[in-house]
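# Per-entry structural report
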Amino acid sequence: MQPQKVEQIQQVAQQKWERQAEVKEYMSAVNPPMPKIDVVPYPSSLHEQGETRVIPFDQSEKLQTSYPVTTPNLLANFIKICPGDTIKTDAVASSNLFYVIRGKGRTQMKHGTMEWKEGDLFTLPAVPDALHSADEDTAIYWVNDAPVLSYLGVKPTHDRFEPVLYTREHLTKELENVRKIAEGKNRTGILLSNPNFPLTMTLTHTLWALYNVLPAGIVQKPHRHNSIALDFVVSAGPNTYTAIGKELNPDGTIKDPIKAMWTPGSAFITPPGWWHSHHNESGEDAIVLPIQDAGLIMNMQLLDFQHVK
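The following refers to the structure shown. (Residues numbered from 1 in each chain as written. Predicted model: local features only at pLDDT ≥ 70, side-chain atom pairs only at ≥ 80, totals over all residues. Heavy atoms only, no water.)

### Some details on the overall build of the chain
Helices and strands together make up the secondary structure of the chain, namely 7 helices and 21 strands. By the burial criterion, 48% of the 309 residues in the chain qualify as buried. Pairs at least 24 apart in sequence give 76% of the contacts found in the chain among residues at least 6 apart. Of the accessible surface of the chain, which amounts to about 16300 Å², a share of 53% is contributed by carbon and sulfur atoms. (Helix = DSSP H or I, 4+ residues; strand = E, 2+ residues; numbered from the N terminus. Buried < 20%, exposed > 50% of the residue type's maximum accessible area, 1.4 Å probe, protein only. Contact = heavy atoms within 4.5 Å. Areas by Shrake-Rupley, 256 points an atom, 1.4 Å probe, with all protein chains shown as cover.)

Take a look at the structure:
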């Protein structure tokens, strides 16, 4: 190539690079108005009928991203699998959580084959080729951290943990043990953890999960944190709900709350920093499974968990 042509190409590139050099006045840009995260319900009707498919909770238009997101760091989905069908989950993610809402089957992957049933919860690392097969009508709640990897423009280079299976029997037994210890306390639940993450004591390096019982007739007082919660309702009676709001009244209750009703098999978003309290006005115990990006937020030392005493 002629030297003059090379110089012209270099000049064009130089001009392009210089055009990217924007600046912003500090006070007008130090706290930019980010897209609002709302309280959004995802009813159980989404997974109760229809063909085998993944049903993403996609808020990308609202959050102004070019890739599917439910929150900036996480993507939640329902998976519906008809009897005898198989479906592949191929998200570019470093952490995957699956909770079996109903049904039974197995997941085949590079690590082997994992059998699961209703009420089981399992986590997978970066497994782009997981095949889920159902023996009967099945629904699964699937949360992964693909959005944060998409934001960073990266792919996993290695697995941070091995697959883990938390069976329904194990979860039930541990929850009953904790109920005896935590009787009278504001929260009665078990945090699911992985031995690979001793500092955060979380489900994975990015995901946090609480298997939490709300006894009949109980109100769990308001609390808040900087992680966003994707709350899945495992079981609940009528008139069971979460009250969510930005501020507290002088008596410690939530001011102008939004009610997120607990319907079994449904999910909802709790925004970061908002106060929320759990209310069970029914005659039966309820169980909720909040999934958060708290593994990531806690590692940044920004969780800031607060609660009303």
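### A closer look at the nonpolar core
Soluble globular proteins tend to pack their nonpolar side chains together in the buried interior. Of all hydrophobic cores here, the largest spans 38 residues; its most connected members are L121, Y141, F232 and L289. When residues no more than four places from it in sequence are discounted, the contact partners of L289 are Y99, L121, A209, L210, Y211, L230, D231, F232 and V234. F98, M109, L124 and W142 belong to the second-largest nonpolar core, a separate cluster that totals 15 residues. (Core = buried A, V, L, I, M, F, W, Y, C linked by side-chain atoms within 4.5 Å.)

### A few points about the side chain of D145
Relative to the helices and strands, D145 resides in the loop between strand 10 (138-144) and helix 5 (146-152). Although D145 lies buried, it forms no salt bridge, and the closest oppositely charged side chain, R160, sits 8.5 Å away as judged by the N-O distance. A polar contact is formed between the side chain of D145 and the backbone nitrogen of S95, at a distance of 3.1 Å. A polar side-chain atom of D145 sits 3.0 Å from a polar atom in the side chain of T206. (Lys, Arg positive; Asp, Glu negative; His and termini not counted. Salt bridge = Lys/Arg side-chain N within 4 Å of Asp/Glu carboxyl O. Polar contact = N/O pair within 3.5 Å; in protein donor to acceptor, adjacent residues only side chain to side chain.)

### Considering a nonpolar patch on the surface
A contiguous nonpolar surface patch, about 370 Å² in accessible area, is contributed by Y26, M27 and V30. Tracing the sequence through the fold places M27 in helix 2 (residues 26-29). On the basis of relative accessible area, M27 is assigned to the exposed category, the value being 62%. (Patch = residues over 30% accessible without salt bridge, like charges linked within 9 Å, V, L, I, M, F, W, Y side chains within 5 Å.)

### Quick word on the packing of aromatic side chains
Applying the stated rule across the entire model yields 10 aromatic pairs. Pairing Y99 with F232 gives two aromatic rings, centres 5.5 Å apart and planes at 50°, and the pair type is tilted. Highlighted residues: Y99 in strand 5 (residues 96-102) and F232 in strand 15 (residues 229-235), separated in sequence by 133 residues. Both residues of the pair, Y99 and F232, count as buried. An angle of 75° between the planes, with centres 6.2 Å apart, marks the rings of F161 and F197 as edge-to-face. A residue pair is termed long-range when its members are at least 10 positions apart, and F161 in the loop between helix 5 and strand 11 (164-166) and F197 in the loop between strand 12 (189-192) and strand 13 (208-214) qualify at 36 residues. On the accessibility criterion, F197 (6% relative accessible area) is buried. Among the aromatic residues, those joined into a ring-pair cluster are Y42, F57, F78, Y99, Y141 and F232. Between the NZ or CZ atom of K259 and the centre of the ring of Y241, over which it lies, the distance is 4.2 Å. (Phe/Tyr/Trp six-rings, centres within 6.5 Å; stacked < 30°, edge-to-face > 60°. Lys NZ or Arg CZ within 6 Å of the ring centre and 35° of its normal.)

### Quick word on the sheet that holds strand 2 (residues 53-56)
Sheet strands associate in pairs through backbone hydrogen bonding, adopting either a parallel or an antiparallel arrangement. Taken together, 6 strands build an open sheet; the order of strands is 2-3-10-5-8-11 and the sheet is antiparallel. Single-partner strands in this sheet number two, and they are strand 2 and strand 11. Averaged over all adjacent pairs, the angle separating strand axes in this sheet is 20°, with direction ignored. (Pairing = 2+ DSSP bridges. Axes fitted to C-alpha atoms, helices over the stretch in contact; angles between N-to-C directions.)

### As for helix 6 (residues 168-181)
Look at helix 6: 20 Å from first C-alpha to last across 14 residues, which is about the 20 Å you get at 1.5 Å a residue. Taken together, the buried positions of helix 6 are occupied by L171, L175 and V178. Down the axis of helix 6, the smallest arc covering the buried residues is 65°, so these residues share one side. Relative to its buried face, helix 6 has exposed residues pointing more than 90 degrees away, namely K173 and K180. Residues of helix 6 that are buried sit in contact with strand 8 (121-124), strand 11, strand 12, strand 13 and strand 20 (286-292). (Expected span 1.5 Å × (residues − 1). Arc of directions from axis to C-beta.)

### Quick look at the side chain of H278
Among the secondary structure elements, H278 is positioned in strand 19 (residues 275-280). Among the polar contacts listed, one links the side chain of H278 to the side chain of T242, at a separation of 2.8 Å.

Honestly, it's all geometry; don't read function into it.
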